[in-house]
Amino acid sequence: MTLRIPVAALALFALLVPAAAGASDLPKPTDLLFNSPHISNIAVGTVLDYKFNRKPSNEQMLGAGYTDDITVTVESDATEGKKNVIVQMYTGDRARDPQRITGMDGNPMMVVCLDNAVSHFRQLAGGDSAYLKNTFSRYLAERATIAPVKILYKGAEVDGYEITATPYADDPSKSKMGGFENSTFKIALSDKIPGHLARVIADISNSDKAAPTLLETTTLEGVGDVK
């Protein structure tokens, strides 16, 4: 299976009309996610290694849990401030074909993680993929909360932010989501960390305690606690 991240897909979550931030001293979530040059100053040859951990509550229903790597390799310089990168999803039998993306200044993992989260939410809750992505996008632009946090990176605490989203909790179609509408997504970032993206948590939970749940965490190598 080939990972395809065309320019249009990379822009999907970024083509938003953000509302005013809730507090003037806090950045807008969409600016941190999509409008910052996350990788423009990263040296050629740098590999951003993310550990993806999938933890299902019921392996018979959802398949076995696992941990694997997703890497972004800064292959070469493009135009000023832009990089050519290679994204490699997973290893071994799970590995997808690597994809080269040219002329990037944003970290493609921002979109990879959010696309993964929506796709895996859909597997449990059902629904139309485009509708779910658009709903998530609007929520990030208009309603997501953001708070300052301390992120442990390679033994030292750095300043960052955590974005929290429950994009489907008040959705008009939530009654069709099988109890998964309150699923929560958290994104921790810091400009003191290479690539800025520290951790993404997709907690796909259900109001029915008997229903299966899925916890997926994507963490940059070297990142520890976020608090």
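Residues numbered from 1 in each chain as written. Predicted model: local features only at pLDDT ≥ 70, side-chain atom pairs only at ≥ 80, totals over all residues. Heavy atoms only, no water.

1. A closer look at helix α5 (residues 129-142)
Quick note on the threshold: Going along the chain from the N terminus, every DSSP run of H or I of four or more residues is numbered as a helix, and every run of E of two or more is numbered as a strand. A helix is expected to span 1.5 Å for every residue after the first. Burial classes follow relative accessibility: with a 1.4 Å probe on protein chains only, a residue under 20% of its type's maximum area counts as buried, one over 50% as exposed, and anything between as partly exposed. Under this definition, polar contacts are N or O atom pairs within 3.5 Å; protein pairs additionally need one hydrogen-donor-capable and one acceptor-capable atom, and for neighbouring residues in sequence, both atoms have to be side-chain atoms.
Compared with the 20 Å implied by 1.5 Å per residue over 14 residues, the 20 Å span of α5 between its first and last C-alpha is a close match. Within α5, burial applies to Leu132, Lys133, Thr135, Phe136, Ser137, Tyr139, Leu140 and Ala141. Two to three positions downstream of the cap, the backbone nitrogen of alanine 130 sits 3.2 Å from a side-chain oxygen, assigning the N-cap of α5 to aspartate 128.

2. Some points on the pairing of strand β2 (residues 66-77)
What counts is decided by this rule: Whether two strands pair depends on DSSP finding at least two bridges between them.
Bridging between strand β1 (residues 47-56) and β2 involves eight bridges; their strand directions are antiparallel. If you follow aspartate 49 over to β2, its bridge partner there is threonine 71. Bridge analysis of β2 against strand β3 (residues 83-89) gives seven bridges, and the strand direction is antiparallel. Pairing of valine 74 across the sheet is with valine 85, part of β3. Where β2 hands over to β3, the hairpin turn is made up of five residues, of which glycine 81 adopts a positive phi near 80°.

3. Observations concerning the packing of aromatic side chains
This is how the line gets drawn: In summary, the pairing rule links any two rings of Phe, Tyr or Trp, Trp by its six-membered ring, whose centres are within 6.5 Å, and it sorts them by plane angle into stacked for under 30 degrees, edge-to-face for over 60 and tilted for everything else.
Using the criterion set out here, one finds six aromatic pairs in the structure. Geometrically, the ring pair formed by tyrosine 66 and tyrosine 90 is edge-to-face, given 6.3 Å between the ring centres and 90° between the ring planes. Taken as a pair, tyrosine 66 in strand β2 and tyrosine 90 in the loop between β3 and β4 (99-104) lie far apart in primary sequence, 24 residues in all. Relative to phenylalanine 185, the ring of phenylalanine 136 has its centre 5.1 Å away and its plane inclined at 55°; by these criteria the two rings are tilted. Placement of phenylalanine 136 in helix α5 and of phenylalanine 185 in strand β7 (residues 184-189) is noted, with a sequence separation of 49 residues between them. Each member of the pair phenylalanine 136 and phenylalanine 185 is classed as buried. Feature note: the residues Phe121, Phe136, Tyr168 and Phe185 constitute an aromatic cluster, connected by ring pairs.

4. Regarding empty space enclosed by the protein
Using the following cut-off: Cavities and pockets were defined on a 1 Å grid built over protein atoms only: a cavity is a set of grid points that admits a 1.4 Å probe from which the probe cannot escape, a pocket is an open set flanked by protein on both sides within 12 Å along at least five of seven lines, and lining residues are those with an atom within 4 Å of any such point. Grid points are joined across faces, edges and corners, and a volume is the space filled by probe spheres set on the points. Nonpolar residues are Ala, Val, Leu, Ile, Met, Phe, Trp, Tyr, Cys and Pro. Charged residues are Asp, Glu, Lys and Arg, and all others, Gly as well, are polar.
Applying the stated criterion across every chain, the model contains one cavity of 30 Å³ or more. Of the pockets and cavities examined, the largest cavity occupies roughly 70 Å³. What lines the largest cavity is simply Phe52, Ile70, Met109, Val112, Cys113, Asn116, Ala117, Val200, Ile201, Ala202, Glu216 and Thr218. Those elements giving two or more residues to the lining of the largest cavity turn out to be α4 (109-125), β8 (197-204) and β9 (214-220). It is α4 that provides the largest number of residues to the lining of the largest cavity, a total of five residues. Looking at the lining of the largest cavity, its residues break down into nine nonpolar, two polar and one charged.

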